[in-house]
Amino acid sequence: MSGCRAKTAPAGIPVTPKSDYSGPIVVDPITRIEGHLRIEVEVENGRIKNAWSSSQLFRGLEIILKGRDPRDAQHFTQRSCGVCTYVHALASTRCVDNAVGVRIPKNATLIRNMVLAAQYMHDHIVHFYHLHALDWVDVTNALKADPAKAAKLANTISPRKTTAADLKAVQERLTKFVESGQLGPFTNAYFLGGHPSYYLEPEVDLIATAHYLEALRLQVKAARAMAVFGAKNPHTQFTDVGGVTCYAALTPERIAEFTALWKETKAFIDEVYIPDLLAVAGSYKDWSAIGGTSNFLTFGEFPTDEYDLNSRFFPQGAIFNRDLSAVKDFDPSSIMEHVRYSWYEGDKAHHPYEGVTEPKYTGLRGENDRYSWMKAPRYLEEPMETGPLAQVLTAYARGHKETKALVDMVLGKLGVGPEALFSTLGRTAARGIETAIIAEKTGQMINELKDNIASGDTTIYEPWEMPDEAEGVGFVTAPRGALSHWIKIREGKIENFQLVVPSTWSLGPRCANGKLSPVEEALVGTPVADPKRPVEILRTVHSFDPCIACGVHVIDSQTNEVHKFKVL
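The structure displayed is predicted, hence computed values, not measured ones.

### A short note on the overall build of the chain
Across its full length, the chain carries 15 helices and 14 strands. Principal-axis analysis of the C-alpha atoms places the extent of the chain at approximately 70 × 60 × 50 Å. Split into buried and exposed, the 568 residues of the chain put 62% on the buried side. Total accessible area on the chain is roughly 20900 Å²; 51% of this is exposed by carbon and sulfur atoms.

Printed below as a string of structure tokens:
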């Protein structure tokens, strides 16, 4: 990538390139995400000084659910998305469990947790390789790599054996893509002639590209593991108010099938994903000071008691102003959803139990000061980042031994301190850390389920009765972060149903107090090397793994020229 390498500071940390550009940049839509997201920024002297995150998709699920049987909620809500699938079914089921007051059997909790763990492994592998990697990996540069040198490097960072022939074959496939003009999964991911913000060695680019292709096949294993208990993927069919219904999966053969798929997925995580994460992060240490936010919220996850957030393997908590010494317990009563800058009627903020969803589109920002279909959740009136970084920071601060050990290992390998976690790089690293911990925990859950069955306990459902009136909430920490479903039941039907999802927490608009959302905060201060190809915006936005869906349009305010390119 001649002529495109960043200068290196004495400490070995690259100096992030930036331009002297001043003016607006509009990225619409952001691709390599789920849904439709528009990002507008103002750039001054090569750095972003203001940002607006605008969701362009209205679904209306909360309106659709009114008047339906509460048990139907999961079947509608999990179809919010084809990526974060099971987590909505789980949140809705936990929500109705809570409303009707049923305590589900321990095996049902275990199985729900195991399917959630499989979704985490699937989701995070897909995100790292197929949604986020091309923000850091220059595929064209991989064509310049020496396969023998790349294989030697791969064998120093991973216990897996890689040969020069393996990587040469990948390089030949890439060459055929380029010569044919049909670039397959890498279409429009090329920056021909290089880009100043990409600075991996060609050999690392080749290794990462080879693993990108391998991960396309591997991610199917985790999806199949979900279907062992869930009956199908992406939209599972096994959750029910009172427990789960997968009796046919409680056999040695089906549990062995899940175990084999888990082992193969875990091996990839330990031997490929984590080494790749460290290799890429080691070359982008400058991004440990870019893209950070201030406040963090997690519900924790993987409970032994569905009614006790403190029984969860990953701990719950809220962190303010990056103060890891003062993690606060999560209080459900402190959530409010704002609509002052959203395309909804009114200006008043509501707690989710009293939530109102009355759409009113008023045009793009500039025509009106409202600019997003997302609401703006706030906790104690503060914007809160949620997701892997929030979970890892909370667990680390609370002394969660599995998290502390892996975080310290990653920080040590990279030669940075805990402050580096408050960044785009930290957010990306936290996702890998979370994945590795969950992969290890899954083995313990498998053994616990096998022991229960061996002792004669095969109960997975508890009967219950629908009340005439009730309210309930289901908290799930999904791969993207804090997810909660809130229900009010009247005359046995849904009177009100509200979804407060991870992307509204992290990627919503401003609130009535004018406070920026986490992604807006994270973008401020980001350097932009080339306003026609603003990959730096994509890096930070993608690090949140938005769920909101291939062209990017950049308008030069001085020439009014519209620059178009696509990203995968």
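Picking up where we left off.
### Details of the sheet that holds strand 3 (residues 47–55)
The three strands lie next to each other as 1-2-3, forming an open sheet whose pairing is antiparallel. Each having just a single partner strand, strand 1 (23–27) and strand 3 make up the two edges of the open sheet. In this sheet, neighbouring strand axes are inclined to one another by 15° on average, regardless of whether the strands run parallel or antiparallel. When strand 1 meets strand 2 (residues 37–44), the two strands line up antiparallel, connected through five bridges. By the bridge assignment for strand 2, valine 26 is matched with glutamate 40. Those strands touched by helix 15 (residues 535–543) are strand 1, strand 2 and strand 3, and its axis lies near 130° from that of strand 2.

### Quick look at the confidence of the model for the chain
Here the chain shows a mean pLDDT of 90. Residues at 70 or above account for 90%. Note that residues 1–10 has pLDDT below 50 and, in this model, 26 contacts with residues that lie over four places away or in other chains. In this model residues 549–568 is a low-confidence stretch, pLDDT under 50, and it forms 65 contacts with partners more than four residues away in sequence or in other chains.

### Regarding the pattern of salt bridges
For the coordinates displayed, the defined rule picks out 27 salt bridges. With a closest N to O distance of 3.4 Å, arginine 365 and glutamate 40 form a salt bridge. In this pair, arginine 365 is assigned in the loop between strand 8 (335–338) and strand 9 (376–379) and glutamate 40 in strand 2, connecting sequence segments 325 residues apart. Note on glutamate 40: relative accessible area 11%, which makes it buried. Note that aspartate 97 is salt-bridged to arginine 112, the shortest N-O span being 3.0 Å. In this pair, aspartate 97 is assigned in helix 3 (residues 86–100) and arginine 112 in helix 4 (residues 106–132), connecting sequence segments 15 residues apart. For aspartate 97, a relative accessible area of 4% gives the class buried.

### Notes on the sheet that holds strand 10 (residues 469–478)
If you trace the three strands from one edge of the open sheet to the other, you get 10-11-12, paired in antiparallel fashion. Only two strands of the sheet have a single neighbouring strand rather than two, namely strand 10 and strand 12 (493–500). Taken over all neighbouring pairs, the strand axes of this sheet differ in orientation by 15° on average, direction set aside. With seven bridges connecting them, strand 11 (residues 481–490) and strand 12 associate as antiparallel partners. Across the sheet, the residue bridging to tryptophan 486 is glutamine 498, located in strand 12. In the packing of helix 3 onto the sheet, contacts are made with strand 10, strand 11 and strand 12, and the angle to strand 10 comes to roughly 145°.

### Some remarks on the UniProt feature "binding site: Ni(2+)" (unreviewed entry) in the chain
As recorded in UniProt, the sites labelled "binding site: Ni(2+)" (unreviewed entry) are Cys81, Cys84 and Cys547. A maximum C-alpha distance of 8.0 Å places the annotated residues, which cover 467 residues in sequence, within one compact spot. When you line up the elements, cysteine 81 lands in the loop between helix 2 (73–77) and helix 3. Considering the arrangement of structural elements, one finds cysteine 547 in the loop between helix 15 and strand 13 (551–555).

### Description of the UniProt feature "binding site: Mg(2+)" (unreviewed entry) in the chain
Cross-referencing UniProt, the feature "binding site: Mg(2+)" (unreviewed entry) maps to Glu62, Leu499 and His553 in the present numbering. Looking at the secondary structure, you find glutamate 62 in helix 1 (residues 61–64). For glutamate 62, a relative accessible area of 11% corresponds to the buried category. In contact with glutamate 62, other than residues within four places in its own chain, are Thr357, Lys375, Phe497, Gln498 and Leu499. At a separation of 2.6 Å, a polar atom in the side chain of glutamate 62 contacts the side chain of threonine 357.

### What to know about the packing of aromatic side chains
In the structure shown here, the tally under the stated rule is 25 aromatic pairs. A connected cluster of aromatic rings, assembled from ring pairs, spans Phe299, Phe320, Phe330, Tyr353, Tyr379, Phe475 and Trp486. Above the plane of the ring of tyrosine 307 lies arginine 103, whose end atom (NZ or CZ) is 4.4 Å from the centre. Sitting over the ring of phenylalanine 544, arginine 427 keeps its end group 3.9 Å from the ring centre.

### Observations concerning the pairing of strand 11
Most of strand 11 is tucked away: nine of the 10 residues are buried. Pairing analysis gives 10 bridges linking strand 10 to strand 11, with the strands arranged antiparallel. If you follow glutamate 471 over to strand 11, its bridge partner there is lysine 488. Counting the residues that bridge the hairpin from strand 10 to strand 11 gives two residues. In this structure, the hairpin formed by strand 11 and strand 12 is closed by a connection of two residues, where glutamate 491 is found at a positive phi of approximately 55°.

### A look at helix 15
Within helix 15, nine of the nine residues are buried, which leaves the element mostly enclosed by the surrounding structure. Three or more residues of helix 15 are buried, namely Val535, Glu536, Ile537, Leu538, Arg539, Thr540, Val541, His542 and Ser543. Trailing helix 15 by a residue or two, aspartate 545 shows a phi angle of about 55°, which is positive.

Rules and cut-offs
Residues numbered from 1 in each chain as written. Predicted model: local features only at pLDDT ≥ 70, side-chain atom pairs only at ≥ 80, totals over all residues. Heavy atoms only, no water. Helix = DSSP H or I, 4+ residues; strand = E, 2+ residues; numbered from the N terminus. Buried < 20%, exposed > 50% of the residue type's maximum accessible area, 1.4 Å probe, protein only. Areas by Shrake-Rupley, 256 points an atom, 1.4 Å probe, with all protein chains shown as cover. Pairing = 2+ DSSP bridges. Axes fitted to C-alpha atoms, helices over the stretch in contact; angles between N-to-C directions. Contact = heavy atoms within 4.5 Å. pLDDT = per-residue confidence, 0-100. Salt bridge = Lys/Arg side-chain N within 4 Å of Asp/Glu carboxyl O. UniProt positions renumbered as here; feature names shortened; annotations may be inferred. Polar contact = N/O pair within 3.5 Å; in protein donor to acceptor, adjacent residues only side chain to side chain. Phe/Tyr/Trp six-rings, centres within 6.5 Å; stacked < 30°, edge-to-face > 60°. Lys NZ or Arg CZ within 6 Å of the ring centre and 35° of its normal.

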